[in-house]
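Residue-level listing of the chains:
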Amino acid sequence: MNSFLKRALSVIPGGVNSPVRAFHGVDAEPFFVREAQGAYLQTEDGRKLIDFCLSFGPLILGHAHRAVVSTIIAAAKKGTSYAVTTEAELRLAELIRSAVPSMEKVRLVSSGTEAAMTAVRLARGFTGRAKILKFSGCYHGHADCMLVQAGSGVAGIASASSAGIPEAFARETLVAPYNDLAAAQALVQEHGADLAAVIVEPIAANMGLVLPKPGFLAELRQMCTASGALLIFDEVITGFRLCFGGFQKLCAITPDLTCLGKIIGGGMPIGALGGRSDIMDHLAPLGPVYQAGTLSGNPLSVASGLATLETLAATLPYAGLEQAAEAFAAELRACAARTGLELQVPQYGSMFGLFFSNQPVESFADTQRCNSKMFAALFHKLLQSGIYIPPSPFEVCFLSTAHDHALLETALHAFTQSFAGLGNQ
Ligand SMILES: *Cc1c(COP(=O)(O)O)cnc(C)c1O
């Protein structure tokens, strides 16, 4: 065990400040990072790794992007927190609204967890109803109401997926399988009058990458409108990842509330929720739904987010990123086929997933049937070849604008070698 890990385990639970970082999902010892630049991570033990994890999504411009870093430094020199509103916060909120018009009003918070938690509280306060519906395999941060899983028996009976959450809380969250309209319909039919919101990742990117089936999101929109529940799109990953705006722009479906995070902070802590003005005005100080944050809209996160979004708006790298990811995923599929591996490589925009399965993966249940031993073996092989993919089969790989053609060729070579060395697990 390396000396950093020894120290970490003695002072931090599990040695990490967020569980996936412990690498338990791939049965590996976590490395420590010294610094990062562009598409590369440098580890404390002197390795240079091509990073396909990218802090789980925020770094669409790569690590330590010049404009982002210089904007953060300039802001820091003027003070790191005032807890009084700044003009920069207005610019960020205006930029978000211009790109995601359904977010008529925007509240900045400090994490995606806070954004989703607040969106649910707001939906409950606005509708006067208690229950929410979520989908298994979607992640919306770690608020109590979100850490709920479908029960194995009766449809719709759910239980907490974490200790420390009273069953009485968990009962207010209904769970349906992602992409299963009939299950969602049945739950809305039964609980409609008490349903405050349906929350969904419009593209599921926290169980690997699972795309919505045609009609799934449109039908959810209809069901919400008919039942009076609010539709919440959790676009913490998809926001500004696939186009300059949300996935809602690409699928042309308008949610009532939207959650953002990750890219809008450019690697600094942030979250945002927004939506219809009449709903948003139910938040304190105008309305009765309480929400607050000492460091909400802090100058450093806002500077980092503004620099990131302004760079994206000026350069619009989305078509290029998508082409690169599409070509890369196609090469991986071809290579896996040549090697005789049963591998699915779903891809959308600059995201792709790696499922060891002989059939397409469309739900959380499907993801549970994938070969996680093969994924762990691939993770190890790639790491030995200088490639870092997310340390869990349930995360997705990302490209950044720093992943240029030459670098992707190098990475492809490493994948090819790693596939060949996998054998049967
Ligand atoms: C990452 C993520 C969150 C949680 O954001 P944090 O900033 O980690 O709290 C919520 N929803 C989705 C879809 C995410 O990917």
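Look above for the structure.
Within each chain, residues carry numbers counting from 1 in the order of the written sequence. Local features in a predicted model are, by the rule used here, given only for residues with pLDDT of at least 70; side-chain atom pairs are given and counted only at 80 or more, and totals for whole chains, interfaces and linings are based on all residues. Working from all heavy atoms in the structure, the side-chain values ignore hydrogens and water.

**Student:** How should I be thinking about the overall build of the chain in this particular structure?
**Tutor:** Runs of E in the DSSP output that reach at least two residues are strands. Runs of H or I that reach at least four are helices, and both are numbered from the N terminus. Looking only at helices and strands, the chain features 14 helices and 16 strands. C-alpha atoms define the radius of gyration in this analysis, and the globule rule sets the expected value at 2.2 Å times the number of residues to the power 0.38. Relative to the globule expectation of 22 Å for 425 residues, the C-alpha radius of gyration of the chain, 21 Å, shows essentially globular dimensions. In terms of overall dimensions, the chain has a C-alpha envelope of 55 × 55 × 45 Å along the principal axes. The criterion used for residue contact is that any of the two residues' heavy atoms lie within 4.5 Å. Pairs at least 24 apart in sequence give 72% of the contacts found in the chain among residues at least 6 apart. When the accessible surface of the chain is totalled, it reaches about 18,200 Å², and 54% of it is carbon and sulfur. Taken as two groups, the 30 positive and 34 negative side-chain charges of the chain have centres that lie 4 Å from each other. Per-residue accessibility takes into account occlusion by the displayed protein chains alone, with areas from the Shrake-Rupley method and a 1.4 Å probe. Positive charge is attributed to Lys and Arg, negative charge to Asp and Glu, and no charge count is given to His or to the chain ends. The location of each charge is read from NZ of Lys, CZ of Arg, CG of Asp or CD of Glu.

**Student:** What should I look at first to understand the sheet that holds strand β13 (residues 347-348) in this one?
**Tutor:** Paired through their backbone hydrogen bonds, the strands of a sheet run either parallel or antiparallel. When DSSP finds two or more bridges between a pair of strands, those strands are recorded as paired. Across the sheet, which stays open at both edges, the 3 strands sit in the order β13-β14-β16 with antiparallel pairing between neighbours. Each end of this open sheet is capped by a strand with a single partner; those strands are β13 and β16 (397-398). Bridge count between strand β14 (residues 351-352) and β16: 2 bridges; the pairing is antiparallel. Each residue of the ladder has a partner; that of F352, found in β16, is C397.

**Student:** Help me understand helix α13 (residues 372-384) in this model?
**Tutor:** Given 3.6 residues per turn, any residue in an α-helix points the same way as the ones three and four places further on. Across its 13 residues, α13 extends 19 Å between first and last C-alpha, which sits within 8% of the 18 Å expected from 1.5 Å per residue. We call a residue buried when its accessible area falls under 20% of the maximum for its residue type, exposed when it is over 50%, and partly exposed in between, using a 1.4 Å probe and counting protein chains only. When α13 is considered as a whole, its buried residues turn out to be M374, F375, A376, A377, L378, F379, L382 and L383. Looking at the packing, one finds that the buried side of α13 touches β3 (48-51), β15 (387-388) and α14 (405-420). Here a polar contact is taken to be a pair of N or O atoms separated by no more than 3.5 Å, where protein atoms must pair a possible hydrogen donor with a possible acceptor and residues adjacent in sequence count only if both atoms sit in side chains. For α13, the capping residue at the N-terminal end is N371, with a side-chain oxygen 3.0 Å from the backbone nitrogen of K373. By this rule, a helix spans an expected 1.5 Å times one less than how many residues it contains.

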